[in-house]
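Fold and geometry: a report
In case you want the letters, here they are:
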Amino acid sequence: MRHLPAALLCLTLLLTTLPARAAAPDNESWQTDTPRSHAESVMTALLAGDAKKGFAVLFSKGRYPQNTLEKIQFDYFQQVNQQGPPIAYELILDRKAGESLVRLKYILLFKTMPYLFDLYYYHTTGGWTLKTFTMSRDVKQMFGD
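Residues numbered from 1 in each chain as written. Predicted model: local features only at pLDDT ≥ 70, side-chain atom pairs only at ≥ 80, totals over all residues. Heavy atoms only, no water.

Describing the sheet that holds strand S1 (residues 88-97)
The strand order across the open sheet formed by four strands is S1-S2-S3-S4, and the pairing between neighbours is antiparallel. Since the sheet does not close on itself, it has two edges, and those belong to S1 and strand S4 (127-136), each with one partner. Across the sheet, the mean angle from the axis of one strand to that of its neighbour is 20°, orientation sign disregarded. Relative to S4, strand S3 (residues 114-124) runs antiparallel, the two sharing nine bridges. Paired with Tyr121 across the bridge in S4 is Leu130. On top of the sheet, helix H3 (residues 51-59) reaches S3 and S4; it is set at about 125° to S4, its chief contact. Along the sheet, helix H4 (residues 66-83) contacts strand S2 (101-109), S3 and S4; its crossing angle with S3, the most-contacted strand, is approximately 150°. (Pairing = 2+ DSSP bridges. Helix = DSSP H or I, 4+ residues; strand = E, 2+ residues; numbered from the N terminus. Axes fitted to C-alpha atoms, helices over the stretch in contact; angles between N-to-C directions. Contact = heavy atoms within 4.5 Å.)

Observations regarding the pairing of S2
The buried fraction of S2 is high, at eight of nine residues. What sits between S1 and S2 in their antiparallel hairpin is a turn of three residues, with Gly98 showing a positive phi close to 70°. Looking at chain direction, S2 and S3 are connected through nine bridges and run antiparallel. Counted as the bridge partner of Leu108 is Tyr115 from S3. The hairpin formed by S2 and S3 contains four residues between the paired strands. (Buried < 20%, exposed > 50% of the residue type's maximum accessible area, 1.4 Å probe, protein only.)

What about the confidence of the model for the protein chain?
Residues of the protein chain with pLDDT of at least 70 account for 77%, and the chain-wide mean is 80. Across residues 3-31 the pLDDT falls below 50, and counting only partners more than four positions away or on other chains, this stretch makes zero contacts in the model. (pLDDT = per-residue confidence, 0-100.)

Some details on the side chain of Ser136
For Ser136, the location among the structural elements is in strand S4. By relative accessible area, Ser136 is classed as buried at 13%. There is a polar contact of 2.9 Å between the side chain of Ser136 and the backbone nitrogen of Asp138. Every residue in contact with Ser136, bar those within four places of it in the chain, is listed here: Pro114, Tyr115, Leu116, Gln141 and Met142. (Polar contact = N/O pair within 3.5 Å; in protein donor to acceptor, adjacent residues only side chain to side chain.)

Topic: the packing of aromatic side chains
Note on aromatic pairs: each is described by the distance of the centres and the angle between the planes. In this structure the tally under the stated criterion is twelve aromatic pairs. Ring plane angle 75° and centroid distance 5.3 Å describe the contact between Phe55 and Tyr76, whose orientation is recorded as edge-to-face. One end of the pair, Phe55, is in helix H3; the other, Tyr76, is in helix H4, with 21 residues separating them in the sequence. Comparing Phe55 with Tyr76 shows no difference in burial state: the two are buried. Relative to Phe133, the ring of Tyr64 lies with its centre 5.1 Å away and its plane at 80°, an arrangement referred to as edge-to-face. Note that Tyr64 is positioned in the loop between H3 and H4 and Phe133 in strand S4, a separation of 69 residues in sequence. In this structure, Tyr64 and Phe133 share a single accessibility class: buried. Site record: aromatic cluster; members linked through ring pairs are Phe55, Phe59, Tyr64, Tyr76, Phe77, Phe110, Tyr115, Phe117 and Phe133. (Phe/Tyr/Trp six-rings, centres within 6.5 Å; stacked < 30°, edge-to-face > 60°.)

Brief notes about the side chain of His38
Here His38 is to be found in helix H2 (residues 35-47). With a relative accessible area of 7%, His38 lands in the buried category. Within the local environment of His38, its side chain forms a polar contact with the side chain of Tyr121, the two groups lying 2.7 Å apart. In this structure, His38 is in contact with Val57, Leu58, Ser60, Lys61, Tyr121 and Leu130, ignoring residues within four places of it in sequence.

Here it is as structure tokens:
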């Protein structure tokens, strides 16, 4: 019986913190649903060798013609067949135009050749949308704006 007050105190403290913890996932998802988190998810999946997941994540933030999606994936798999799996990635450009437009440039590093992802995001009332992007093996594009 002498432990009952301490147990009740612990239970009260636990119950008072539950609403704050329950709200945390919503706040976290709002903070993590950013262009950078989206792009990092794509790069992480590709680096892990899960190209299917990487492209599913990439294409989840916009609408694109099917032939464009097929060509991009074909080019990527050609790179993997020639170079082997990617070994790392780097963010080489992070630029904003106001609060609604973001441009991110990543290079996915292969054994002897980088692969460029140039991603343009627009903030809509429904969240961030990937408006346009390019993927390229052209090293010169990695230096240009």
